[in-house]
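Observations on the model geometry
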Amino acid sequence: MKTTSPVGKSVPRIDARQKVTGEARFVFDMSLPGMLVGKMLRSPHAHAKIVRIDTSKAEKLPGVRAIVTAEDTPKIKFGSNEYFFPYTVDQFPLEFEKVRYIGDEIAAVAAVDEETARKALSLIDVQYEILPAVFDPLEAMKPGAPAIHTAMNNIGVMMPSSFGDPDRALKESDYVREDVFTLPSAAHAALEPHVSIGQYELSTNRITLWASTQAPFKIREAMAKTFKMQEADVRVIKLHVGGGFGGKLEMFPMDFCACLLSKKCGGFPVKIMCSREEVFSFTRRKHPMIYKLKSGAKKDGTITAITGEVIADGGAYCSYGPTVVAAAIMRFMMVYKLKNVRLFGSRVYTNNPISGAIRGFGGVQSGFAIESHIDMLARGIGMDPVEFRLKNATDPNTTTVNKLIISSNGLKDCIREAARRSGWRDKYGVKKETAPGVFRGIGIGVAADVMGSKMYKSHESAGSIIKVEEDGSVYLFTGAADTGQGSDTALAQIAAHELGVAYERIRIKAADTEITPFDTGSFASRVTFISGNATKNAATDAKRQILEVVGQELKLDVPGLDIKDEQVIDKNSGRALLSFDRAVVLCYSFNYGRLIIGRGNYNPKTTPVDFRSGEGNISGSYGFEAQIAEVEVNTKTGQVKVLKMVDVHDIGYPINPASVHGQIEGSIVMGLGYTFYEDLKFKEGRVLNASFSKYRIPRSVNMTEIESVFIETNDPQGPFGAKGMGESSLLPTAAAIANAIHDAIGIQIKDLPITPQKVLAALKEKESGRG
């Protein structure tokens, strides 16, 4: 059965059959003729000078085909925020002067099998001069601390955000409070580990990289730079990806080395794959943060000012540091009407593993801090937290204090609907003991999110091509990277709907830098909004070409024609003139010979951000949501049970409702993990829980009930009114739960994860009169 007009329908995933039958191919599964096994040699020290690297013994080992060090490279640094923050480009593909964390890459080997490759690594002799190391960001900022790079006081990124007169506003406030929140590191925990296959073509001097990645075009750019090659000579191919969550957004030294090893061993393909321990220890992680806030409010509930400081442990290199810090200090200005703001963000170098992008960037950390703090402000003036948020929430068609241009905005509707569905009015502030020592509570958190972020290149563009073949089949070419979130399906729905054909006609080719148009990548909830608009524009162009031929043949005005439900129709009467198939045959007929190739691109309407103040419209649109948690707390054991999560989301318009629900529920599950379980632990720069047996994440057997609800605002910028929504449901989860715990038993947890031990300690402090 054909699905026409598919936008707004829960059609099956376009890759569903491939995945359930096992036909879907991941780089993890790939094997090429003559393929060699690659392994990375990593530093065992957190901070040390490299005195000498001797590979002679390893080179003599039978089965070793190639060994590379920095001497085999152009010695060019790479980074992820180079366009706006060139000073943050600080990492070499292979280090040669000094190492800055346990795991820093020094050399790589290619051998006939894994055992030989591991043996070869053990035979490489590296002499080090151990240097003092620093692992605490507060210690790293002190004068005289070990210098990790050349940044003063090890502060790699300094980002201010200042508007109005916060000091005066605080003095005029009826209530002022200060809080400090502590946020831990966390891992992405994607099922597919980082893996890449590199192949060098001797005849053309070109390289091909197959990678488990969210951003093939960003990798191509970094590879071309570090190899001193033209981008046209670098091809990056994404196959199916077993999860990314921000952890596969940039080039890694293993990507570079897979291609370099292939070149050195005569063009044989080289596969490098991280073990699970390597993924946890040496790829990327969430930024741990200290979030200090001082804010004020009037008795009528108006927030007068928000001030504070954010200190993020960035680890050894910068990665996506500027973006994370910007998100941490700016996202709440999408949510609340503010006139007086001053926050200062510092990303500090330490000798810990590298912190980078992870779902929500810095918005998860700030979401917990800001939304917990907002609740405490409301309680401080004796106001209901829901009413307090409604009083201060932003409105549609608003320009915020930092010049964000908000068009559609369903935040207040989200808050009201979440409160209604959760029974807030009857539950909040009502002490309910369900069993001896067991109390129920309810809490709220709200959030906003971007639809892309112009912080990586001079543009945030995406392109799409739609090709209609003689047999009526439709091919969509997009650079967008589906990493499991279902973006290929959403783009196919948009293409089919705009072109007027059945969803089942669409075939998709995605994320191959040699074949598909440019796309920045899958992050910042951008694909539906930006790549979706590009796809819609390509479909419009293809449809125009078909209708021009039909109009010429039937001697009708093209503006009066359309394609809908597989028929070319007269717009005025709705009468079907001929089928889509016949129209395509006509295009390719002797008289016309018209090849139908539609082209589309989209660059959202944004303005450059002034990173000296935080002013600028960073996104083409913004999404909003409210989340309410109902919990049960056992005061004898400290155990917290989440009974239900209600999430009401301004999604503009749902392209695929089932996928949207799935994205919301997945985000909430990640939020539950960060709230209760996830805590990547370190000792002197070494990860202590680098396995799934030691690193705790939520499991399906103990999931809570989740109710997700849509608020449709039909965004004027979005394709068919849609917005992106992959991240924002994760942002307020921890705060909603922490606020619910306070409602239940009167304690406010300010550091994550929330454990039974912390609950019991807070209760004891409260009983002693110190809480």
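The residue count restarts for each chain, going from 1 along the sequence in the order it is written. Reporting of local features is limited, given that this is a predicted model, to residues whose pLDDT is at least 70; pairs of side-chain atoms are given and counted only at 80 or more, and all residues count toward the totals for whole chains, interfaces and linings. Hydrogen atoms and water are omitted, and side-chain values are computed over all heavy atoms in the structure.

Here a strand is any run of E in DSSP of at least two residues, a helix any run of H or I of at least four, and the numbering for each starts at the N terminus. Scanning the protein chain for helices and strands turns up 20 helices and 31 strands. Based on C-alpha atoms, the radius of gyration is set beside the globule rule, defined as 2.2 Å times the residue count to the power 0.38. The globule rule puts the C-alpha radius of gyration for 771 residues at 28 Å, and the 27 Å found for the protein chain is close to it. Taken along the three principal axes of its C-alpha coordinates, the protein chain extends 90 × 80 × 50 Å. Note on exposure labels: buried denotes an accessible area under 20% of the residue type's maximum, exposed denotes more than 50%, and partly exposed covers the range between, all computed with a 1.4 Å probe on protein chains only. Put simply, the protein chain has 771 residues, and 63% of those count as buried. Residue contacts are counted whenever heavy atoms from the two residues lie within 4.5 Å of one another. A separation of at least 24 residues holds for 80% of the contacts in the protein chain among residues at least 6 apart in sequence. Using a 1.4 Å probe, accessible areas were evaluated by the Shrake-Rupley method; residue-level cover was limited to the displayed protein chains. Of the roughly 29000 Å² of accessible surface on the protein chain, 50% is carried by carbon and sulfur atoms. For this count, His and the chain ends are skipped, Lys and Arg are scored as positive, and Asp and Glu as negative. Here the site of a charge means NZ on Lys, CZ on Arg, CG on Asp, or CD on Glu. Of note, the protein chain has its 95 positive side-chain charges centred 2 Å away from the centre of its 88 negative side-chain charges.

Now for empty space enclosed by the protein. Points on a 1 Å grid over protein atoms alone make up a cavity when a 1.4 Å probe fits among them but cannot get out, and a pocket when they form an open set with protein on both sides within 12 Å along at least five of seven lines; lining residues each have an atom within 4 Å of a point. Grid points are joined across faces, edges and corners, and a volume is the space filled by probe spheres set on the points. Scanning all chains against the criterion turns up 8 cavities of 30 Å³ or more. One number sums up the size of the largest cavity: a volume of about 180 Å³. Lining the largest cavity are 16 residues, and of these Ala327, Met334, Val450, Ser453 and Ile618 sit closest to its centre. Among the elements that take part in the lining of the largest cavity, helix α9 (residues 321–330) stands out by supplying 4 residues, more than any other. When its residues are assigned to classes, the lining of the largest cavity shows 11 nonpolar, 4 polar and 1 charged. Within this model, the second largest cavity holds a volume of roughly 120 Å³. At the level of secondary structure, the elements contributing two or more residues to the lining of the second largest cavity comprise α10 (332–335), α11 (363–380) and β19 (438–450). Broken down by element, the residue count for the lining of the second largest cavity peaks at 5 residues, all from α11. Considering only residue class, the lining of the second largest cavity consists of 9 nonpolar, 3 polar and 2 charged. Each residue is assigned to one class: nonpolar for Ala, Val, Leu, Ile, Met, Phe, Trp, Tyr, Cys and Pro, charged for Asp, Glu, Lys and Arg, and polar for all the others, Gly among them.

As a further point, take helix α12 (residues 385–392). With respect to burial, α12 is a largely interior element, 6 of its 8 residues being buried. Polar contacts here mean pairs of N or O atoms no more than 3.5 Å apart (in protein, one a potential hydrogen donor and the other a potential acceptor; neighbouring residues in sequence count only if both atoms are side-chain atoms). One side-chain oxygen of the residue at the start of α12 lies 2.7 Å from the amide nitrogen of Val386, identifying that residue as Asp384.

Right, let's get into the packing of helix α6 (residues 216–227) against helix α7 (residues 253–264). In the contact formed by α6 and α7, the axes pass within 10 Å of each other and the chain directions differ by 55 degrees. It follows that α6 is oblique to α7 by the angle criterion. Crossing of α6 over α7 shows right-handed handedness. Only Asp255, Phe256, Cys259 and Leu260 of α7 make contact with α6, whose side of the interface consists of Ile219, Met223, Thr226 and Phe227. All axes are obtained by fitting lines to C-alpha atoms, using only the stretch in contact for helices, and the reported angles, taken between N-to-C directions, cover 0 to 180 degrees. With respect to orientation, any angle under 35 degrees is reported as roughly parallel, any angle over 145 as roughly antiparallel, any angle of 65 to 115 as roughly perpendicular, and every other angle as oblique. For any helix crossing, the convention is left-handed if the near helix is rotated counterclockwise from the far helix by under a right angle, and right-handed if that rotation is clockwise.

Let us look at the domain arrangement of the protein chain. Note that the domain bounds reflect an automated or database-derived domain assignment. According to the domain assignment, the protein chain consists of domain 1 (16–24 + 461–602), domain 2 (31–131 + 191–243 + 248–282) and domain 3 (361–451 + 618–767). In this assembly, 17 residues from domain 1 lie in contact with 20 residues from domain 3. Accessible area, probed at 1.4 Å, shrinks when two parts are joined; the buried area is that loss added up over both. When domain 1 packs against domain 3, the two sides together hide about 1400 Å² of surface, and 65% of this comes from carbon and sulfur. It is Ala524, Ser525 and Phe529 in domain 1 that bury the most area against domain 3; as a group they hold 42% of the surface buried on that side. Where domain 1 touches domain 3, the interface holds 6 residue pairs in polar contact (both at pLDDT 80 or more). Elements supplying a minimum of two residues to the side of domain 1 that touches domain 3: α15 (487–499) and α16 (527–554). For the side of domain 1 that touches domain 3, the per-class residue count stands at 6 nonpolar, 8 polar and 3 charged.

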